[in-house]
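What the coordinates show
So you can see what is in the structure, the chains are spelled out below.
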Amino acid sequence: MRKEHTVYFKIFRKDETKLLRGLIYLEPGAQPTLQDFEQCLKACGHNVRIEDTEKFIFRATEAGEEYVIDVLEDYDKTNRDLHVESLAKTFIKNDIPL
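Everything in this summary refers to the structure shown in the same document. This structure is a prediction, so every number in the text was calculated from the model and none was measured. (Residues numbered from 1 in each chain as written. Predicted model: local features only at pLDDT ≥ 70, side-chain atom pairs only at ≥ 80, totals over all residues. Heavy atoms only, no water.)

Let's talk about the pattern of salt bridges
Cut-off, in case you're wondering: For salt bridges, the criterion is a side-chain nitrogen of Lys or Arg within 4 Å of an Asp or Glu carboxyl oxygen. Here a strand is any run of E in DSSP of at least two residues, a helix any run of H or I of at least four, and the numbering for each starts at the N terminus. Three labels apply to residues, based on accessible area from a 1.4 Å probe with only protein chains included: buried if under 20% of the type maximum, exposed if over 50%, partly exposed otherwise in between.
Inspection of the entire model under this criterion finds seven salt bridges. Here arginine 49 ties to glutamate 66 by a salt bridge, and the two come within 3.6 Å at their closest N and O atoms. With arginine 49 in strand β3 (residues 47-52) and glutamate 66 in strand β5 (residues 65-71), the pair connects residues that are 17 residues apart, well separated along the chain. Judged by relative accessible area, glutamate 66 falls into the partly exposed class, the value being 42%. Among the ionic pairs, arginine 59 bridges to glutamate 51, the shortest N-O distance being 2.5 Å. Judged by relative accessible area, which is 42%, glutamate 51 ranks as partly exposed. Look at the salt bridges and you will find they share partners, linking Arg49, Glu51, Arg59 and Glu66 into a network.

Right under this line is the structure:
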């Protein structure tokens, strides 16, 4: 049975930076390879080529514009639930007497 491996990557364009994610399906115990990351980015719609094999940095082109994609292997996703936090804020009284 194959397992899902979530890949977080940051896209650096001229006027914006985005944090996105994709999925790689791996055999149990297998670690993702550079080619797995490349395939994932292509499946996400990016026309990429490997730029730095040690740092997992790719260069992509879209409509004549080049941009950089950095795969964040050590990315630690926060476990915050923004919907719960928003709901909790509705129960906080704003005018507490001191």
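Side note on the sheet that holds β5
Note the cut-off: Here a strand pair is declared whenever DSSP counts at least two bridges between the two strands. Fitted lines through C-alpha atoms serve as axes, helices being fitted only where they are in contact, and the angles separating the N-to-C directions of these axes extend from 0 to 180 degrees. Only heavy atoms matter for contacts: two residues are in contact if any of them lie within 4.5 Å across the pair.
The sheet built from five strands is open, its strands ordered β2-β1-β5-β4-β3 with antiparallel pairing. The two strands at the open ends of the sheet, each matched to only one other strand, are β2 (17-26) and β3. Strand-to-strand twist of the sheet, defined as the mean angle between neighbouring strand axes without regard to direction, takes the value 35 degrees. Taken together, the five bridges between β3 and strand β4 (residues 57-62) define a ladder with antiparallel strand orientation. Across the sheet, arginine 49 pairs through a bridge with arginine 59, a residue of β4. Helix α1 (residues 34-43) rests against β1 (3-12), β2, β3, β4 and β5 of the sheet, and its axis sits at about 120 degrees to β2.

Considerations on the pairing of β2
With ten bridges connecting them, β1 and β2 associate as antiparallel partners. In the strand pairing of β2, valine 7 is matched with glycine 22. Between β1 and β2, which pair antiparallel one after the other, the connecting turn spans four residues.

Digging into the nonpolar core
In plain terms, the rule: We define the nonpolar core as a collection of buried residues of types Ala, Val, Leu, Ile, Met, Phe, Trp, Tyr and Cys that are connected through side-chain atoms lying within 4.5 Å of one another.
Membership of the largest hydrophobic core comes to 15 residues, with the highest contact counts inside it found for Val7, Phe9, Leu41, Phe58, Ile69 and Val71. Among the elements of the structure, β1, β2, α1, β4 and β5 are those that each provide at least two residues to this core. Of the residues forming this core, the biggest block, four residues, is contributed by α1. The residues touching isoleucine 69, leaving out its near neighbours within four places in the chain, are Phe9, Lys10, Ile11, Leu41, His46, Val48, Phe56, Ile57, Phe58 and Ala60.

Just distances and angles here, no functional claims.
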